[in-house]
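Residue-level structural notes
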Amino acid sequence: MRVAFAADHAGAAMKDELIRRLGAAGIEHELIDLGGDGLDPTDDYPDFAQRLGLAIRDGRADRGILICGSGVGASVAANKMKGIRSAVCHDTYSAHQGVEHDDMNVLTLGARVIGPEPAYECSVAFLGATFSGEERHRRRLAKVDAIEAAG
């Protein structure tokens, strides 16, 4: 799986740490750093949410991990993009259940809310999960897609 990472100024340090730790853990995924180095306070979350969303939509990444200060703004921005299903998850249950039931393709984290160890554990849970494909979950996603299409 190709996993894209992006972060605004508030999330850059956590992004770098997650990429380092996941790489050192020997996971079988390609880790793609889409930027945000934390040096520019005008590195705003909508810009990085769009960069990550486009990578997924264009097929350059399968999933993404997006980080801002709270996670909220970045998740809101990412969800404005067709085909992107993002949620703020600060616990492992939500991180894997969001994939299994809702086919979530972007995990959003708040660097000012969650510590490095829980962020790592959420990332591992997110990356290890697969969509169940159960009829009830497909039915619900079709309804979500209809809402998205209606604007």
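See the structure printed just above.
Structure report, in brief. The shown structure was predicted, so the numbers you read here are calculated from the model rather than taken from an experiment.

With that settled, consider the packing of helix α1 (residues 12-24) against helix α5 (residues 116-128). Across the interface, α1 lies against α5 with an axial gap of 10 Å and an inter-helix angle of 60°. Between α1 and α5, the crossing angle belongs to the class labelled oblique. When you trace α1 past α5, the crossing you get is right-handed. Across from M14, L18, R21 and L22 in α1, the residues of α5 making contact are P116, E117, A119, Y120, S123, V124 and L127. Considered class by class, the residues forming the contact of α1 with α5 number 8 nonpolar, 1 polar and 2 charged.

Attention now moves to the nonpolar core. The biggest cluster of nonpolar side chains holds 23 residues, and the ones touching the most others in it are L18, I65, L107, L109 and F126. Put simply, the parts of the chain that give this core at least two residues each are β1 (2-7), α1, β3 (63-68), α4 (92-102), β5 (106-110) and α5. Considering every element that reaches this core, the biggest residue donor is α5, with 6 residues. Filtering out sequence-adjacent residues up to four positions away, F126 remains in contact with R63, G64, I65, A95, V99, M104, N105, V106 and L107. In this structure, A49, L52, I56 and I84 belong to the second largest nonpolar core, which totals 18 residues.

Thresholds applied
Residues numbered from 1 in each chain as written. Predicted model: local features only at pLDDT ≥ 70, side-chain atom pairs only at ≥ 80, totals over all residues. Heavy atoms only, no water. Axes fitted to C-alpha atoms, helices over the stretch in contact; angles between N-to-C directions. Helix = DSSP H or I, 4+ residues; strand = E, 2+ residues; numbered from the N terminus. Parallel < 35°, antiparallel > 145°, perpendicular 65-115°, else oblique. Left-handed = near helix turned anticlockwise from the far one by under 90°. Contact = heavy atoms within 4.5 Å. Nonpolar A, V, L, I, M, F, W, Y, C, P; charged D, E, K, R; others polar. Core = buried A, V, L, I, M, F, W, Y, C linked by side-chain atoms within 4.5 Å. Buried < 20%, exposed > 50% of the residue type's maximum accessible area, 1.4 Å probe, protein only.

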